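# Results of the structural survey
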Amino acid sequence: MKIIMLGAPGAGKGTQAKKIAAKYHVPHISTGDIFRANIKEGTELGKKAQEYMDQGLLVPDELVCDLVVDRIHKDDCENGFILDGFPRTIPQADALDGALAQNGEKIEYAIDVEVPDENIIKRMAGRRSCKDCGAIFHLVYNPPKKENCCDVCGGPLVLRDDDKEETVKKRLDVYHEQTAPLIDHYKKAGSLYEVDGTQDINVVFEEIESILEA
Ligand SMILES: [Zn+2]
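A brief report on the enclosed structure follows. (Residues numbered from 1 in each chain as written. Predicted model: local features only at pLDDT ≥ 70, side-chain atom pairs only at ≥ 80, totals over all residues. Heavy atoms only, no water.)

What follows concerns the overall build of the chain. For the chain, the helix and strand inventory stands at 9 helices and 8 strands. For the chain, the C-alpha radius of gyration of 19 Å lies close to 17 Å, the compact-globule estimate for 214 residues. Its C-alpha atoms put the chain at 55 × 45 × 35 Å along the principal axes. Considering only residue pairs separated by 6 or more positions, the chain has 68% of its internal contacts joining residues 24 or more positions apart. Counting every atom, the chain has about 12000 Å² of accessible surface; 49% of that belongs to carbon and sulfur. Across the chain, the mean location of the 27 positive side-chain charges is 5 Å away from that of the 39 negative side-chain charges. (Helix = DSSP H or I, 4+ residues; strand = E, 2+ residues; numbered from the N terminus. Rg over C-alpha atoms; globule rule 2.2 N^0.38 Å. Contact = heavy atoms within 4.5 Å. Areas by Shrake-Rupley, 256 points an atom, 1.4 Å probe, with all protein chains shown as cover. Lys, Arg positive; Asp, Glu negative; His and termini not counted. Charge placed at Lys NZ, Arg CZ, Asp CG, Glu CD.)

See below:
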């Protein structure tokens with residue numbers, strides 16, 4: 001079960017990835033976690049990545065890809081894996097495809113969680129975060145018991161800069177320019193599956209289950 005998650009930031013793909021990982025016992029892998037692990041363990045790849053980061057440079061696609069491929073060949077990936085947040089661009093997807101092909105492997109499921117931009121902007125605008133403990137609420141979907149007050153610690157709730165309309169729109173623009181072309185890429189490869197991400201979280205997951213169990 002070799003899976004990558006596609007979909008705009010805020011579409012809920014991280015939530016679905018966690019649910020897939022829990023049900024099918026495959027690891028949920030993000031590039032951030034891989035970087036941290038390799039740097040902590042002082043691996044050769046980790047040292048190389050650290051050099052770029054120390055200079056404030058982006059880690060090149062080939063190196064990111066090497067790190068990802070190294071990770072997905074560990075024992076816990078025997079039954080598969082879910083990549084979340086990688087690949088993000090066509091060159092990264094090409095590099096990953098090439099590296100998998102060397103072992104006669106390929107991405108079997110590219111699951112695209114589809115949510116129109118307007119819905120994402122509305123969703124994010126309703127998010128409120130506790131200034132003190134970071135707990136997240138939503139004015140419509142998960143309102144706090146007392147207005148503007150954290151259920152967990154009583155702290156004040158704020159709209160984070162990350163959730164402001166302007167920031168969300170910028171992230172969506174980057175997504176459409178760099179990442180959305182992957183939808184076509186995996187469609188051509190015959191591994192694209194689209195789900196309607198505007199539905200209830202559990203209904204979205206049921207759709208994903210029927211894809212993975214077909
Ligand atoms: Zn709090």
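Another aspect to go through is the sheet that holds strand β8 (residues 192-196). What links the strands of a sheet is backbone hydrogen bonding, and the strands pair in either a parallel or an antiparallel sense. What the 5 strands build is an open sheet, ordered β2-β3-β1-β4-β8; its pairing is parallel. Of all strands in the sheet, those bounded by a partner on one side alone are β2 (28-30) and β8. Recorded for the sheet is a direction-independent mean angle of 25° between the axes of neighbouring strands. Judged from the 4 bridges that link them, strand β1 (residues 2-6) and strand β3 (residues 81-84) form a sheet pairing that is parallel. The partner of Ile-4 across the bridge, within β3, is Leu-83. Taken strand by strand, helix α9 (residues 201-212) contacts β1, β4 (109-114) and β8, and its axis lies near 155° from that of β8. (Pairing = 2+ DSSP bridges. Axes fitted to C-alpha atoms, helices over the stretch in contact; angles between N-to-C directions.)

Our next topic: the packing of helix α3 (residues 44-54) against helix α4 (residues 61-72). Two quantities define a packed helix pair, namely the angle between the helix axes and the distance between the axes. One can describe the packing of α3 onto α4 by two numbers: an axis separation of 10 Å at closest approach and a directional angle of 150°. In terms of orientation, α3 and α4 fall into the roughly antiparallel class. As α3 runs across α4, the sense of the crossing is left-handed. Together, Leu-45, Gly-46, Lys-48, Ala-49 and Tyr-52 of α3 and Leu-63, Asp-66, Leu-67 and Asp-70 of α4 make up the contact between the two elements. The residue inventory of the contact of α3 with α4, partitioned by class, reads 5 nonpolar, 1 polar and 3 charged. (Parallel < 35°, antiparallel > 145°, perpendicular 65-115°, else oblique. Left-handed = near helix turned anticlockwise from the far one by under 90°. Nonpolar A, V, L, I, M, F, W, Y, C, P; charged D, E, K, R; others polar.)

This part is about the coordination of the zinc ion. By definition of the ideal shapes, a tetrahedral metal site with four donors has angles of 109.5 degrees and an octahedral site with six donors has angles of 90 or 180 degrees. In this structure, Cys-130 (SG), Cys-133 (SG), Cys-150 (SG) and Cys-153 (SG) serve as the protein donors to the zinc ion, at separations of 2.3 to 2.4 Å. Classification of the site at the zinc ion as tetrahedral follows from its 4 donor atoms and the range of 101 to 115° in their angles at the metal. The sequence pattern formed by the donor residues of the zinc ion is C-x2-C-x16-C-x2-C. The exposure class of Cys-133 is partly exposed, given its relative accessible area of 41%. (Donors = N, O, S within 2.8 Å, 3.2 Å for Na, K, Ca; no water. Tetrahedral: all angles 85-135°; square planar, octahedral: opposite > 155°, others 65-115°. Buried < 20%, exposed > 50% of the residue type's maximum accessible area, 1.4 Å probe, protein only.)

A few words now on the environment of Lys-47. Its location among the elements puts Lys-47 in helix α3. Sequence separation of Lys-47 and Phe-35 is 12 residues, and the distance between their C-alpha atoms is 9.9 Å.

In this section: the layout of surface pockets. Volume-wise, the largest pocket comes out at about 1400 Å³. As for the largest pocket, its lining consists of 46 residues, and the residues nearest its centre are Pro-9, Gly-10, Ala-11, Gly-12 and Lys-13. Elements that contribute at least two residues to the lining of the largest pocket include exactly β1, α1 (13-24), β2, α6 (117-125), β6 (136-138), α7 (165-179) and α9. There is about 340 Å³ of room inside the second largest pocket. Along the walls of the second largest pocket sit 15 residues, with Phe-35, Leu-58, Val-59, Val-64 and Gln-92 positioned nearest its centre. Elements supplying a minimum of two residues to the lining of the second largest pocket: α2 (31-41) and α4. Looking at the lining of the second largest pocket, its residues break down into 7 nonpolar, 6 polar and 2 charged. (1 Å grid on protein atoms, 1.4 Å probe; cavity = no way out; pocket = protein on both sides within 12 Å on 5 of 7 lines; lining within 4 Å. Points joined across faces, edges and corners; volume = space filled by probe spheres on them.)

Keep in mind that these numbers describe shape and distance, not what the molecule does.
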